[in-house]
Amino acid sequence: MTRALAPAIPRAWYAFAAVACLLLGWQAMAAVARSPLVPGLGDIWQETIKIIGSGQLVKNMLATLGRVASGFVLAFLCAFVLALGMGRRRGLAAFFEPMLIVGLTVPGLVWAILCIIWFGISMVGSAVAVAISIAPAISLNLIQGVRSINAELLEVAAMLRLPLGVRLRRLWLPGLLPVVFSGARLALSLAWKVIVLVEMFGLSSGVGFQLNSEFGAQNVAGVLAWTLCFAVVMAILEYGLLAPLEARLLRWRRASAV
């Protein structure tokens, strides 16, 4: 067994052990409570199978993911432009910093309500609500990345009139990619919460809508089943997409550290 694979096995086992303890703890609590308000794992599993078999999971999950993706792209574009200015101009940093702090402190619930009032029940409202909620977090991470880039190297590159593509590939991307991934993780963790709130308040599809429907029927097992499906999809995106992409794009850091 190679050294690269050896450390990965214990970490995986720790993760499985943590999930197993959580499930066993819930089942023990359900056995003690003996109440429909605390359904057992069997009831939750039956609801999960029903959700998957009906085709509602794919339909509603794709709707939620589409809204999150739209809001994330909008937030990232705005945050990138803002971070470039704030990272290199102290005046812009002093001007916009209080707005970013306010944006971080305002709960996502407030943005969800306001965007529904302003834009109505639409794709635009949900995307804007997500974008407003996560843009400050992305901006602060990108600002740190912009400031970490050596200003002298940028000046030398400008003096040598290096092509823009070379400067982006050799100077900007190595400095920004690490903070882009850390900012993306933080932003996505906030985006899921906001979009579920938006869907619960006014939309007719998505995971939030389904959670609200199960809540209205007082079906706790259905609420937990949708939550479980949502968590599994998010874990797949994290460990199946973000983590491998980060490892691939930042492999030069491991090579330089050897």
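Not measured: the values here are computed from a predicted model.

S.K.: How should the overall build of the protein chain be read in this particular structure?
M.R.: Across its full length, the protein chain holds eleven helices and zero strands. Taken across its 258 residues, the protein chain has 34% of its residues classed as buried. Total accessible area on the protein chain is roughly 15,700 Å²; 71% of this is exposed by carbon and sulfur atoms.

S.K.: What is the right way to look at the packing of aromatic side chains in this model?
M.R.: Aromatic ring pairs are described here by two measures, namely the spacing of the ring centres and the angle between the planes. Taken as a whole and assessed by the stated rule, the structure comprises four aromatic pairs. Between Trp 192 and Phe 230 the ring centres are 6.0 Å apart and the planes differ by 90 degrees, which places this aromatic pair in the edge-to-face class. One end of the pair, Trp 192, is in helix H8 (residues 164-201); the other, Phe 230, is in helix H10 (residues 220-249), and 38 residues separate them in sequence. Comparing Trp 192 with Phe 230, the two get one shared label, buried. Members of the aromatic cluster, each reached through a chain of ring pairs, are Phe 72, Phe 76 and Phe 80.

S.K.: Sorry, what's going on with unusual backbone geometry here?
M.R.: Residues apart from glycine generally show negative phi values, whereas peptide bonds are mostly found in trans. Positive phi, close to 50 degrees, is recorded for Arg 34, a residue that is not glycine. Position of Arg 34 relative to the elements: it lies in the loop between helix H1 (8-33) and helix H2 (41-54). A positive phi angle, near 55 degrees, is found at Gln 218, a position not held by glycine. Inspection of the secondary structure assignment puts Gln 218 in the loop between helix H9 (207-216) and H10.

S.K.: What exactly am I supposed to notice about helix H6 (residues 123-148) here?
M.R.: Count 3.6 residues to each turn of an α-helix, and residues three or four apart come out pointing the same way. For H6, spanning 26 residues, the distance from its first C-alpha to its last is 36 Å, which sits close to the expected 38 Å at 1.5 Å a residue. At Ile 134, H6 is deflected by roughly 40 degrees, the largest bend along its length, and proline Pro 136 occurs up to four residues later in sequence. In terms of burial, H6 is largely enclosed, as 19 of its 26 residues are buried.

S.K.: Would you mind showing me how to read the pattern of salt bridges here?
M.R.: Close approach of charged atoms lets side chains of opposite charge pair. By the definition in use, this model includes three salt bridges. Its salt-bridge partner being Lys 50, residue Glu 47 comes within 3.5 Å of it at the nearest N-O pair. Separated by three residues within a single helix, Glu 47 and Lys 50 lie in helix H2, roughly one turn from each other. In this structure Glu 47 comes out as buried when scored by relative accessible area, which is 13%. The class of Lys 50 is exposed, set by a relative accessible area of 51%.

S.K.: Just to check I follow, could you spell out the UniProt feature "transmembrane region" (unreviewed entry) in the protein chain for this structure?
M.R.: Here the UniProt-annotated "transmembrane region" (unreviewed entry) positions come out as residues 68-87, 99-121, 127-150 and 223-245. The straight-line gap between the two end C-alpha atoms of residues 99-121 is 27 Å; of that span, 83% is helix and 0% is strand. Taken end to end, residues 223-245 is 100% helix and 0% strand, and its two terminal C-alpha atoms sit 32 Å from one another.

S.K.: Is there a simple way to explain the confidence of the model for the protein chain in this structure?
M.R.: For residues with low pLDDT, the predicted coordinates do not support detailed interpretation. For the protein chain, the average pLDDT comes to 82, and 87% of its residues sit at 70 or higher. Predicted confidence is poor over residues 1-6, with pLDDT under 50, and the contacts of this stretch with residues over four places away or in other chains come to two contacts.

S.K.: What am I meant to see in the packing of helix H3 (residues 56-88) against H10 here?
M.R.: Packed helix pairs are characterised by how far apart their axes lie and by the angle those axes make with each other. Where H3 meets H10, the axes come as close as 12 Å, and the angle between the chain directions of the two elements is 60 degrees. As summarised for this structure, H3 and H10 are arranged oblique, according to the angle between their axes. Where H3 crosses over H10, the two elements pack in a sense that is right-handed. Together, Gln 56, Leu 57, Asn 60, Met 61, Thr 64 and Leu 65 of H3 and Trp 226, Cys 229, Phe 230, Val 233, Met 234 and Leu 237 of H10 make up the contact between the two elements. For the contact of H3 with H10, a count of residues per class yields nine nonpolar, three polar and no charged.

What counts and what doesn't
Residues numbered from 1 in each chain as written. Predicted model: local features only at pLDDT ≥ 70, side-chain atom pairs only at ≥ 80, totals over all residues. Heavy atoms only, no water. Helix = DSSP H or I, 4+ residues; strand = E, 2+ residues; numbered from the N terminus. Buried < 20%, exposed > 50% of the residue type's maximum accessible area, 1.4 Å probe, protein only. Areas by Shrake-Rupley, 256 points an atom, 1.4 Å probe, with all protein chains shown as cover. Phe/Tyr/Trp six-rings, centres within 6.5 Å; stacked < 30°, edge-to-face > 60°. Expected span 1.5 Å × (residues − 1). Bend = angle between axes of the 7 residues up to and from the residue. Salt bridge = Lys/Arg side-chain N within 4 Å of Asp/Glu carboxyl O. UniProt positions renumbered as here; feature names shortened; annotations may be inferred. pLDDT = per-residue confidence, 0-100. Contact = heavy atoms within 4.5 Å. Axes fitted to C-alpha atoms, helices over the stretch in contact; angles between N-to-C directions. Parallel < 35°, antiparallel > 145°, perpendicular 65-115°, else oblique. Left-handed = near helix turned anticlockwise from the far one by under 90°. Nonpolar A, V, L, I, M, F, W, Y, C, P; charged D, E, K, R; others polar.

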